Amino acid sequence: MNQERKPRRRGKKQRFSDDPQAAREAQKYQSPIPSREFIMATLEHSGRLMTREALAEAFGLDTDEDLEALRRRLRAMERDGQLLRNRRGGYGLVDRMDMVRGRVIGHPDGFGFLVPDEGGDDLFLAPRQMRQVMNGDRVVARVTGIDQRGRREGAIIEVLERNTQRVVGRIYFEAGISFVVPDHKRLTQDIRIPPDADGGAHHGQFVSVEIVEQPNKRSGPVGRVVEVIGDHMAPGMEIDVAMRAHEVPHAWPAAVEDEIQGLSEKVSPAAKRNREDLRDLPLVTIDGADSRDFDDAVFCKRTPNGWKLIVAIADVSHYVKSGTALDREAHLRGNSVYFPERVIPMLPEILSNGLCSLNPKVDRLCMACEMTIDRDGKVTRSRFMEALMRSHARLTYDQVAAALVERDPKTRNRLKPLLESLEELYALYKALRKLRDRRGAIDFDTTETRIVFGPDRKIERIVPVQRNDAHKIIEECMIAANVCAARFLGRHKLPTLYRVHEGPQADRLVDLRAFLAELGLSLGGGDKPSAGDYARLLSKVQNRPDAHLIQTVMLRSLSQARYSPDNVGHFGLSHEHYLHFTSPIRRYPDLLVHRAIRYQLQAQAKRKKSGRQARIPPFAYSAADMTSLGEHCSVTERRADDATRDAIDWLKCEYMLDKVGEDYEGIVSSVTSFGIFVELKDIYVEGLVHITALRNDYYHFDPAGHRLRGERTGKVYRLGDQVRVTVARVNLDDRKIDFALPESEEDKRGQQDPGDRRGERKSGHKKRRRRRRR
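Residues numbered from 1 in each chain as written. Predicted model: local features only at pLDDT ≥ 70, side-chain atom pairs only at ≥ 80, totals over all residues. Heavy atoms only, no water.

*Asks:* Describe the overall build of the protein, and please don't skip the residues or the numbers.
*Replies:* Helices and strands together make up the secondary structure of the protein, namely 22 helices and 33 strands. A compact globule built from 774 residues should have a C-alpha radius of gyration of about 28 Å, and the protein, at 30 Å, falls within 12% of that. Principal-axis analysis of the C-alpha atoms gives the protein an extent of 95 × 80 × 60 Å. When the 774 residues of the protein are sorted by exposure, 49% land in the buried category. Contacts in the protein between residues at least 24 apart in sequence constitute 64% of all its contacts with a sequence separation of at least 6. Split by element, the accessible area of the protein, about 40,000 Å² in all, is 46% carbon and sulfur. A distance of 3 Å separates the average location of the 132 positive side-chain charges in the protein from that of its 115 negative side-chain charges. (Helix = DSSP H or I, 4+ residues; strand = E, 2+ residues; numbered from the N terminus. Rg over C-alpha atoms; globule rule 2.2 N^0.38 Å. Buried < 20%, exposed > 50% of the residue type's maximum accessible area, 1.4 Å probe, protein only. Contact = heavy atoms within 4.5 Å. Areas by Shrake-Rupley, 256 points an atom, 1.4 Å probe, with all protein chains shown as cover. Lys, Arg positive; Asp, Glu negative; His and termini not counted. Charge placed at Lys NZ, Arg CZ, Asp CG, Glu CD.)

Rendered as structure tokens:
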């Protein structure tokens, strides 16, 4: 973390009686200077720009130490976008200079947008403005006017912070010039590589480049190759590229390696002390057949009024202490990243697959939640405990489903010692499921897929993942434990990270209602529909032929879940209190939750032992810390999603390379102003039918109706329509697949005229000419 200055001692303390933050500054620094707030108030009051010398004189700062501290503070305020300095050295308030500060988001077509820090409408940045910045840079810009589409247009005044230091891409050598074309779609500038900085890479290879000169108004970025990743089509290259392109940490620092040197896969006797012993309970793990880390185990038994459920979670917080190198790396990663047949773990393997994995027949430390649940599925009492457990079996979803749902005799006989607990678990699930339905939780029927590889890591097929009742048993048990953890920490007023999911935004709700009205449907709840309103509509349309279409539009009206210290509830699950407690091996927010629960349990134990006189240190995290951590963990979650999506898109493109010219049945999965996206049936590969490929008419986009309508023919392409397409082209570098509609007899009567074809050839010629210049 950058500090504005280091606290230093001096003989005489300077006081600033007019500074409302003087006490805070005096507590923070032994030689305080005016606070940021006081500097901004001074500039506001003066009504003009002031140089550093003028500010120093106004504050009565005259020692070298004070002047240096002021310089650092002003520079930090510049960096954070609070102040702007002109060429004459005058400082002014950004907010008073009609300036906008924010982060640049690049577009693959060369233009970009400035997303303001303070919220509001984005600022359009033309390609000539984007030449001096890269995606993610923080800048200050001024509004220059309104473009032809009614958007605010801006000009960049100053770059506050550079975001891109490393870039992954393919290196090319042409006419004595070497350059790297970034793999990231939002980085549109080629990076020049000096002759002595190519790292021995060969033409077309993937490389990692360090930016040594950032772009400016006159020249583009310059870099040097720091790693040759490998050849374009090498097996596994899609993951190596995705990891680096999205800056997913994948190598363990030396400090982490040093910390784990002394660990073994056996729990030490000292660690087992002062814990509740659950080793005799037949706790079991239930996971996928290919799972390698097991962070949750369950046990259930019948009681006179319902059930007792224990959800035991690996006690990661015992091994990963706050402030250690392990903790810093886990925080940096934020979560494990699951690529096809490869995992980039949040924790080293000795922990993720060893000490913190609830492997069968070995002692493991756990944080357990014991719940008393009535016959209606309602949790009437819960408690948390630091415990010691031993998993009695490692079961798979298919095994459990075969025993409980299909009643397979062989499987039931094999699981006979565990069958009583498993049967009660299934009975409890049915009660929890009924309560979920009464509560109004939303159940979207989405299809997850799995890639099956053959020799040399080539895709053999893409298959849907079938969810059975065993999946749902574990899901409901984990949700119940997560709710109990949220209530526990909320009751004790400890800062933590909640998993929040807000209801639909007003503009999306208007579009959804307009779409439903065309189908003769309506969504209840008025301006603030509940999850139950969504659930009731889904239930009403489930047997309609267009049910998939309606579900897709409803799903897209909702926001994305995120991590936040503010408990606003989980809309989709219809829970007022919800967080993530059950996966600390692979999610940093869960680890933070475990630390908070442990703090409270140990504080309670101290009070019980020593009474009110017990000295309880404050919890290590504040609400402000949790705000920052929530933002960071939400970003790392999206980073993981983007990286895995990139790798999967690459693999799907590679799979389709030899299928150009073949016809497939598909479903329109998205409709945009530039065409329709189609997902192929039974293959689960998506591609674009560009609007120019829809012949014989001019098509207009209806965003509320999710359709394109032909101006002359009235032909409609709508979300959820079934269409037949031809694979026209596959672009592996851009991860894009283009489809075309096969020519029918009607198409033949309306062939594209030669002028259009000349236009296509001309456009293609221009693209080739641009590539040669590049």
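*Asks:* Can you tell me about the packing of helix α6 (residues 237-245) against helix α20 (residues 623-656), naming the residues and giving the values?
*Replies:* Geometrically, a packed helix pair is captured by the angle between its two axes and the distance between the axes. For the pair α6 and α20, interaxial distance at closest approach is 9 Å and the crossing angle is 150°. Relative to α20, the element α6 is oriented roughly antiparallel. The two elements α6 and α20 meet at a crossing, and its hand is right-handed. In this structure, α6 uses Met237, Glu238, Ile239, Val241 and Ala242 to contact α20, whose residues at the interface are Ala643, Asp646, Ala647, Trp650 and Leu651. Here the contact of α6 with α20 is built from residues that sort into eight nonpolar, no polar and two charged. (Axes fitted to C-alpha atoms, helices over the stretch in contact; angles between N-to-C directions. Parallel < 35°, antiparallel > 145°, perpendicular 65-115°, else oblique. Left-handed = near helix turned anticlockwise from the far one by under 90°. Nonpolar A, V, L, I, M, F, W, Y, C, P; charged D, E, K, R; others polar.)

*Asks:* Give a detailed account of the confidence of the model for the protein, specifying residues and quantitative values.
*Replies:* The pLDDT averaged across the protein works out to 88; a share of 93% of its residues lies at or above 70. Counted against residues more than four places away or in other chains, residues 1-15, with its pLDDT under 50, gives 31 contacts. Note on residues 748-774: pLDDT is under 50 here. Beyond four places in sequence and across chains, it has 14 contacts. (pLDDT = per-residue confidence, 0-100.)

*Asks:* So what's going on with the pairing of strand β15 (residues 296-303)? Residues and values would help.
*Replies:* Here β15 runs beside strand β16 (residues 306-314); their pairing, made up of eight bridges, is antiparallel. Within β16, the residue paired with Lys301 across the bridge is Lys308. A loop of two residues connects β15 with β16, the two strands running antiparallel in sequence. (Pairing = 2+ DSSP bridges.)

*Asks:* Outline the packing of aromatic side chains, supporting the account with residue identities and numerical values.
*Replies:* The tally for this structure, following the rule as stated, stands at 14 aromatic pairs. Relative to Trp650, the ring of Phe206 lies with its centre 5.6 Å away and its plane at 40°, an arrangement referred to as tilted. With Phe206 in strand β11 (residues 206-213) and Trp650 in helix α20, this residue pair connects regions lying 444 residues apart in the sequence. Trp650 carries the same exposure label as Phe206, and that label is buried. Counting every residue linked through ring pairs, the aromatic cluster contains Phe111, Phe113 and Phe124. (Phe/Tyr/Trp six-rings, centres within 6.5 Å; stacked < 30°, edge-to-face > 60°.)

*Asks:* Quick rundown of the nonpolar core? Include the residues and the values.
*Replies:* Of all hydrophobic cores here, the largest spans 93 residues; its most connected members are Ile286, Phe581 and Ile597. The element contributing the most residues to this core is helix α15 (residues 469-491), with 12 residues. With residues near it in sequence (within four places) discarded, Ile597 still touches Met367, Phe384, Ala485, Phe488, Leu489 and Phe581. Counting residues in hydrophobic clusters, the runner-up holds 58 residues, among them Val168, Met237, Phe515 and Tyr717. (Core = buried A, V, L, I, M, F, W, Y, C linked by side-chain atoms within 4.5 Å.)

*Asks:* Any chance you could break down the sheet that holds strand β31 (residues 716-718) for me, citing the residues and the numbers?
*Replies:* Judged by pairing direction, the sheet is antiparallel, and its three strands sit side by side in the order β29-β30-β31 without closing on themselves. Bordering the open sheet on either side are β29 (699-702) and β31, each of which pairs with just one other strand. Across this sheet, the average inter-strand angle for adjacent strands is 20°, counted without regard to direction.

*Asks:* Just give me the short version of empty space enclosed by the protein, but keep the residues and values in it.
*Replies:* One pass over the full model with this rule turns up three cavities of 30 Å³ or more. By volume, the largest cavity is sized at about 70 Å³. Considering the residues around the largest cavity, the lining is formed by Gly106, His107, Gly110, Phe111, Met130, Val133, Met134, Asn135, Arg186, Leu187, Thr188 and Gln189. In terms of residue class, the lining of the largest cavity is made up of five nonpolar, six polar and one charged. (1 Å grid on protein atoms, 1.4 Å probe; cavity = no way out; pocket = protein on both sides within 12 Å on 5 of 7 lines; lining within 4 Å. Points joined across faces, edges and corners; volume = space filled by probe spheres on them.)

*Asks:* Describe the environment of Leu93, listing the residues and the values that go with them.
*Replies:* For Leu93, the position within the fold is in strand β2 (residues 91-93). Put simply, Leu93 and Ile39 are 54 residues apart on the chain and 9.8 Å apart in space, counted from C-alpha to C-alpha. Leaving out residues up to four positions away in the same chain, Leu93 has contacts with Met40, Leu43, Glu44, Gln82 and Leu83.

*Asks:* Please give an account of the side chain of Arg364 that cites residues and values.
*Replies:* Looking at the element boundaries, Arg364 is found in strand β19 (residues 363-374). Here Arg364 is buried and forms no salt bridge, its nearest opposite-charge partner Glu265 lying at an N-O distance of 4.7 Å. Setting aside its immediate chain neighbours within four residues, Arg364 contacts Glu265, Val267, Gly354, Leu355, Ser357, Leu358, Asn359, Ala387, Leu388 and Met389. (Salt bridge = Lys/Arg side-chain N within 4 Å of Asp/Glu carboxyl O.)

*Asks:* Talk me through helix α12 (residues 397-404); I want residue IDs and the actual numbers.
*Replies:* Within α12, six of the eight residues are buried, which leaves the element mostly enclosed by the surrounding structure. All buried positions along α12 are accounted for by Tyr397, Val400, Ala401, Ala402, Ala403 and Leu404. Packed against the buried residues of α12 are β14 (284-287), β21 (393-396), α13 (409-414), α14 (419-439) and α15.

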